[in-house]
Protein chains: 2
Amino acid sequence: MDNQLPLVPVEEIERRYRRFQQTLDRMELDGALIAQNIDLYYLTGTMQNGLLFVPRTGEPCLYVKKSVARAKRESSVPVEPMGRIRELPQRIAERFGSIRRVGMELDVLPYAQATFYANKLFPKAELTDISFPLRLQRAVKSDYELNQLKRAAAYVREIVEALPEMIKPGMREVELAAEIERRLRLKGNINLYRMRAFNQELVLGMVASGAAAAAPTYFDGPAGGMGLTVASPQGAGWKEIRVGEPILVDISAVIEGYIIDQTRLAVIGELDTDLEHAYGITRRILKATEEKGKPGVSWESLYVNALKMAEEAGLADHFMGYGEDQAKFLGHGVGLELDELPVLARGFDQPLEEGMVIAVEPKFTFPGRGVIGIENTYVVTADGLQPLTTASEEIVRVRA
Amino acid sequence: MDNQLPLVPVEEIERRYRRFQQTLDRMELDGALIAQNIDLYYLTGTMQNGLLFVPRTGEPCLYVKKSVARAKRESSVPVEPMGRIRELPQRIAERFGSIRRVGMELDVLPYAQATFYANKLFPKAELTDISFPLRLQRAVKSDYELNQLKRAAAYVREIVEALPEMIKPGMREVELAAEIERRLRLKGNINLYRMRAFNQELVLGMVASGAAAAAPTYFDGPAGGMGLTVASPQGAGWKEIRVGEPILVDISAVIEGYIIDQTRLAVIGELDTDLEHAYGITRRILKATEEKGKPGVSWESLYVNALKMAEEAGLADHFMGYGEDQAKFLGHGVGLELDELPVLARGFDQPLEEGMVIAVEPKFTFPGRGVIGIENTYVVTADGLQPLTTASEEIVRVRA
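Residues numbered from 1 in each chain as written. Chains lettered and ligands numbered in written order. Predicted model: local features only at pLDDT ≥ 70, side-chain atom pairs only at ≥ 80, totals over all residues. Heavy atoms only, no water.

Draft legend 1. Quick look at the UniProt feature "domain: Creatinase N-terminal" (unreviewed entry) in chain A. According to UniProt, the "domain: Creatinase N-terminal" (unreviewed entry) feature falls on residues 16-140 of chain A. In residues 16-140 of chain A, the share of helix is 44% and the share of strand is 22%. The end C-alpha atoms are 11 Å apart. (UniProt positions renumbered as here; feature names shortened; annotations may be inferred. Helix = DSSP H or I, 4+ residues; strand = E, 2+ residues; numbered from the N terminus.)

Below, the structure is given as structure tokens:
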């Protein structure tokens, strides 16, 4: 059958691998072997099963295992059937010459697989981790990518606008999550919230209320959630949503592979005044971050500044989690993965660049009571952070 | 807050790590470092962020990064805060003595991480891949595990029974998928369909119709599906479901972490007689496999036998995919992961064992027309394969 799905523009892909080749050149690598599905998609336009070799100069080649026909239609780089793996070393050598220094995605490639490729495909080559520079390149988004993110942002905005009709006192967290998931799915959400970090998983985000939202868990984020089982201990659970509790609606939508990330706060009736006050602080932190987030500013400085504001408000102990389970960051890049660069945390003194996309999510955790917070996804511009997410930032009020 | 989620029974966990220790003993390993979330959950009862050390004899220890409190409640093995990673080698040495041979999950652990652990935690130890024996142990399910699978099976049965009211001519595949997902979610489906293989992903399964179902893709399975975007090229897509097309409803539900896998075929109106005939063949293959699948029988023999039956029916070219995109297997283990052992494919001459759980999925692909097939999840017993999935095996007829 004829595949009518939209493709990534050829020029977009060409720009990406040309830029990646500049990195290979700077690192004095002869080429890079790309195997992870997300990086493959980013550099070729297809997510079919294969191995991509990007030489320092000249045209890359995608060796495809399955499906060759589909890869040929989708890929903007030349596709060859992979054939027998034992013949691949010679085919790579014939096409690209002798490889003495090769880059691989050593942060995600399983040990056994990386070792196999290193020994079989490049037995004489020195191995280098190419992940960080590739992730740094991916952090800066093109207009094409920003447009996908804006589409996703419109869908999560619609969800927020529908919350007053969706939320009913006594409904379970999972009921609210299931309804949000259904609506996003019909917009094209792929229901895969991809993360690069080992063992990290996400479904939808975190739709949780009161004490359940404040329950800590393994996830590298400010809020936990009970989840439905200890075998998936995060996000929406079985808890009933009650009047007066903070309801955290931290949701993602994934359109054409691109993940938007947005948090809004809802309540049935009224919040306690101290929680309402805390929400005001998260909005002030967000505004301050928007103004400060210009090209050249260090990633960590945004976190340090936000932490200072939390301290001044007397809420340092509650910032981004509570006690020993505090997360020590303010935000993270989003794009094809949820945990992209930049990381807004101590130890990252790299500068923001124009076109980087960041989810900024100041939150306060009150054990036994709930999580208060807000989150927008932004693009870095010369004037500061410009929001891609556009839902109203007021607390969503639901009638009791 | 008090976590009211059910826990894995202590005796269950103890049996598991004791049996794993027998493997360590047989392999002459001093211990194993377990890092992957699924294996961690299997051996401890918690999925919090940590590293588990299982010594050849004596009690294991789970070193937890986050959340320690939650891990202490959930884990059936002793929990210690991980503390500083640089102090961990000494703590491990003090507790477990000198480690000269250590096992790790080298099939899933990222290269950088495995190398870090090997160099920092066990600088003098020889590294061994522990994955296959651990996966082989996990392939045999306990009564506790079978009960989770039976719960999940009841939910996918309910979906099949509701299909006649859910399917409408002209609805999009994704609309049907979204409705199935919503219903399963409310039963406790975690919406994570975990796979061990690198780059393999799944959402729900495959709800696809006609030519779209027959479109090949990267996924290591018999059917592809268009998907919603080239950035997630599989499963349900935008195609409208039409009268007379085979509608493949290959769905999973994940309850307490355990994945059931079931395929049924639906049609609005009538199928072409040759497709109806092909469906009859898949049912005959399924029955033959049920009888043949007894302890001691080799994994591959079930595939070889099924392929022979497909050949005899003149459908070898269509079996488990078409042409260059044929998958060369008949089924796979399921449990905490979708791609567990055993693998029913050539090259696997290991014997079936009582208690192994297998999804058997004979399917025929007709390019441009659709995929015909059926799938049950079974437990291996002395009498052959006993079905865990119990939905009627008749074609689901929907009024035009």
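Draft legend 2. How the structure looks around the packing of helix 7 (residues 143-166) of chain B against helix 8 (residues 173-186) of chain B. Residue and element names in this part refer to chain B. Between helix 7 and helix 8, the least distance of the axes is 11 Å, while the angle of their chain directions is 140°. The angle between helix 7 and helix 8 places the two elements in the oblique class. Every pair of crossing elements has a handedness; the one defined by helix 7 and helix 8 is right-handed. Here Tyr155, Val156, Ile159, Ala162, Leu163, Glu165 and Met166 of helix 7 come into contact with helix 8, specifically with Leu176, Glu179, Ile180, Arg183 and Leu184. (Axes fitted to C-alpha atoms, helices over the stretch in contact; angles between N-to-C directions. Parallel < 35°, antiparallel > 145°, perpendicular 65-115°, else oblique. Left-handed = near helix turned anticlockwise from the far one by under 90°. Contact = heavy atoms within 4.5 Å.)

Draft legend 3. Examining the UniProt feature "domain: Peptidase M24" (unreviewed entry) in chain A more closely. Under the UniProt annotation, "domain: Peptidase M24" (unreviewed entry) lies at residues 148-382 of chain A. Each end of residues 148-382 of chain A is marked by a C-alpha atom, and these two atoms are 21 Å apart; helix forms 31% of the span and strand 22%.

Draft legend 4. Region of the structure containing the relation of the copies chain A and chain B. For these two chains of identical sequence, chain A goes onto chain B by a turn of 180° and a shift of 0.0 Å along the axis, with RMSD 0.0 Å. Such a combination of turn and shift is consistent with a two-fold rotation axis. The residues that chain A uses at the interface reappear at the interface of chain B in 100% of cases, marking a shared surface. (Least-squares fit on C-alpha atoms with pLDDT ≥ 70 in both.)

Draft legend 5. Quick peek at the packing of helix 5 (residues 111-121) of chain A against helix 5 (residues 111-121) of chain B. Where helix 5 of chain A meets helix 5 of chain B, the axes come as close as 7 Å, and the angle between the chain directions of the two elements is 100°. Classified by the interaxial angle, the pair formed by helix 5 of chain A and helix 5 of chain B is roughly perpendicular. Contact residues: helix 5 of chain A offers Tyr111, Ala114 and Thr115 of chain A, while helix 5 of chain B offers Tyr111, Ala114 and Thr115 of chain B. The class makeup of the residues in the contact of helix 5 of chain A with helix 5 of chain B is four nonpolar, two polar and no charged. (Nonpolar A, V, L, I, M, F, W, Y, C, P; charged D, E, K, R; others polar.)

Draft legend 6. Geometry of unusual backbone geometry. Residue Pro342 of chain A is reached from Leu341 of chain A by a cis peptide bond, and omega for that bond is 0°. As for its position among the elements, Pro342 of chain A is in strand 11 (residues 340-344). Phi angles above zero are rare outside glycine, and Glu28 of chain A is one such case at about 55°. Following the sequence through the fold, Glu28 of chain A ends up in the loop between helix 1 (10-26) and strand 1 (31-34). For Glu28 of chain A, a relative accessible area of 52% puts it in the exposed group. Positioned with a positive phi, Glu256 of chain B is a non-glycine residue whose angle comes to about 50°. (Buried < 20%, exposed > 50% of the residue type's maximum accessible area, 1.4 Å probe, protein only.)

Draft legend 7. Main features of the interface of chain A and chain B. Contacts between chain A and chain B engage 73 residues on the former and 73 residues on the latter. Between chain A and chain B, the buried area comes to about 6,500 Å², and carbon and sulfur atoms account for 61% of it. Per-residue buried area on chain A facing chain B is highest for Tyr111, Phe198 and Val230 of chain A; these three make up 12% of the total on that side. For the interface between chain A and chain B, the tally reads four salt bridges. (Buried area = accessible area lost by both parts, 1.4 Å probe. Salt bridge = Lys/Arg side-chain N within 4 Å of Asp/Glu carboxyl O.)

Draft legend 8. The pairing of strand 11 (residues 340-344) of chain B, seen in detail. Residues and elements named next belong to chain B. Of all five residues in strand 11, four are buried; the element is thus mostly enclosed. As paired strands, strand 10 (residues 331-333) and strand 11 are joined by three bridges and run antiparallel to one another. Bridging from a neighbouring strand, Gly331 pairs with Leu344 of strand 11. A loop of six residues connects strand 10 with strand 11, the two strands running antiparallel in sequence. (Pairing = 2+ DSSP bridges.)

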